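Chain by chain, the residues run as shown.
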Amino acid sequence: MTEMEAVRSRHSVRKYQDKRIEKEQIKCLEKKIEELNEEGNIHLQFIEDSASTFSKLFNKSVGLGSAPSVIACVGPDDDTLDERIGYYGQKLVIYAQQLGLNTCWVGTFNRKKIPVEISDGERLVIAIAIGYGQTQGKQRKTKTADEVVIDLKEVPDWFHAGVEAALLAPTAINQQKFEIIYNENEEVEFKDLGGVLSKIDIGIVKCNFEIGVADYKSHYDNA
């Protein structure tokens, strides 16, 4: 499965099988986390036993209490942390999909119960539930490209491919409060329109956009 295939097939999953993640997959996840932590100056942590992380009533009501494991998204606290967590966390989410695992970004969880290491100067931003879903989830309704891009007709084809992938990015309460701009210098800008966890969302959107562009160029270059 390519990254773009994973982007298309990946949906948020809240109900999980009563099954631990296989050891070989855990090794792959931990290796990927090590790479992403170094690249992004963050401190993602795979926690095999989610323990009481998803013990809140809301988590149980939507099924997240069944998630066997969790990824704690932590990093040195600065103004860029939320966006970096979104970007590199989504890289891990897509990789997990390629491994045959399911995930769900979770902003509301039991922060006092999650067994996470937080060093001085670090902050726990968000969590990602991970395991084998009871289903593969389903695609939510998304905005159209015209709703997130200004002057859509004046952009190159690779930009269209990036926007297509960006629209498949998960965002808090499916708000999709962002705009993608192709500026006069032929550069891409991402505009945060505000909202719940929107800085994290922008990072996730950027990650998906880059995957879409890379996928398009790989096909074009090989044509």
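Given the structure is predicted, the values throughout are model-derived calculations rather than measurements.

Analysis parameters
- Here the residue index of a chain counts from 1 through its sequence in written order.
- Owing to the predicted nature of the model, reporting of local features is limited to residues with pLDDT of at least 70; listing and counting of side-chain atom pairs is limited to 80 or more, with chain, interface and lining totals taken over all residues.
- Processing note: side-chain calculations cover all non-hydrogen atoms of the structure and skip hydrogens and water entirely.
- To define a nonpolar core, start from buried Ala, Val, Leu, Ile, Met, Phe, Trp, Tyr and Cys residues and group those joined through side-chain atoms within 4.5 Å.
- Burial here depends on accessible area, computed with a 1.4 Å probe over protein chains only, as a share of the maximum for the residue type. Under 20% is buried, over 50% is exposed, and the range in between is partly exposed.
- In this text, helices come from DSSP runs of H or I with a minimum length of four residues, and strands from runs of E with a minimum of two, each type numbered from the N-terminal end.
- At least two DSSP bridges between two strands are needed for those strands to be called paired.
- Aromatic contacts are taken between Phe, Tyr and Trp rings whose centres are within 6.5 Å, Trp giving its six-membered ring; a plane angle under 30 degrees counts as stacked, one over 60 as edge-to-face, and the others as tilted.
- Whether a charge sits over a ring depends on NZ of Lys or CZ of Arg being within 6 Å of the ring centre and within 35 degrees of the ring normal.
- Contacts: residue pairs with any heavy atoms within 4.5 Å of one another.
- Under this scheme, a helix contributes an axis fitted over its contacting stretch, all axes are lines through C-alpha atoms, and angles between N-to-C directions fall in the 0 to 180 degree range.
- Given a helix with a known number of residues, its expected span is that number minus one, times 1.5 Å.

A. Spotlight on the nonpolar core. The biggest cluster of nonpolar side chains holds 48 residues, and the ones touching the most others in it are L44, I85, W105 and I180. Elements represented by at least two residues in this core include exactly helix 1 (3-9), helix 2 (23-40), strand 2 (69-76), helix 4 (81-98), strand 4 (122-131), helix 6 (157-166), strand 5 (178-182) and helix 7 (198-221). Listed in part, the 16 residues of the second largest apolar core include V13, Y16, V74 and C104.

B. Highlighting the pairing of strand 6 (residues 188-192). Bridge count for strand 5 against strand 6 is 5 bridges, and the pairing is antiparallel. Note that in strand 6 the partner of F178 across the bridge is D192.

C. Spotlight on the packing of aromatic side chains. Under the definition given, this model contains 7 aromatic pairs. Ring centres 5.6 Å apart and planes at 65° place the aromatic pair F159 and F209 in the edge-to-face group. In this pair, F159 sits in helix 6 while F209 sits in helix 7, placing the two residues 50 residues apart along the sequence. A relative accessible area of 5% places F209 in the buried class. A cation over a ring is seen here: K32 above Y95, with NZ or CZ 5.3 Å from the ring centre. When the ring centre of W158 is taken as origin, the NZ or CZ atom of K217, which lies over that ring, is 5.1 Å away.

D. Up close: the pairing of strand 3 (residues 102-106). Burial within strand 3 is extensive, with 5 of its 5 residues counted as buried. Note that strand 3 and strand 4 share 5 bridges and pair antiparallel. The partner of T103 across the bridge, within strand 4, is I130.

E. Local environment of the environment of R20. Note that R20 resides in the loop between helix 1 and helix 2. On the accessibility criterion, R20 (45% relative accessible area) is partly exposed. Through-space distance from the C-alpha of R20 to that of C207 is 28 Å; in sequence the pair is 187 residues apart. Ignoring anything within four residues of it in the chain, the contact list for R20 reads E48, D49, P68 and Y132.

F. Here's a closer look at the sheet that holds strand 4. Taken together, the 4 strands give an open sheet; going across it, the order is 1-2-4-3, and neighbouring strands pair in antiparallel fashion. Two strands lie at the open edges of the sheet, namely strand 1 (45-47) and strand 3, each paired on one side alone. The sheet shows a mean angle of 25° between the axes of neighbouring strands, taken without regard to direction. The strands touched by helix 4 are strand 2, strand 3 and strand 4; relative to strand 4, the strand with the most contacts, the crossing angle is about 20°.

G. Local environment of the environment of P68. Counting through the fold element by element, P68 comes out in the loop between helix 3 (57-62) and strand 2. Sequence spacing of P68 and A129 is 61 residues, and the spatial spacing of their C-alpha atoms is 7.9 Å. In contact with P68, not counting residues within four places along its chain, are Y16, K19, R20, E48, D49, S50, I130 and G131.

H. Up close: helix 4. When the terminal C-alpha atoms of helix 4 are compared, their 26 Å separation across 18 residues agrees well with the 26 Å that a helix rising 1.5 Å per residue should span. The buried fraction of helix 4 amounts to 14 of the 18 residues, a majority that puts the element mostly inside the structure. Just beyond helix 4, the residue with positive phi is G100, at close to 95°.

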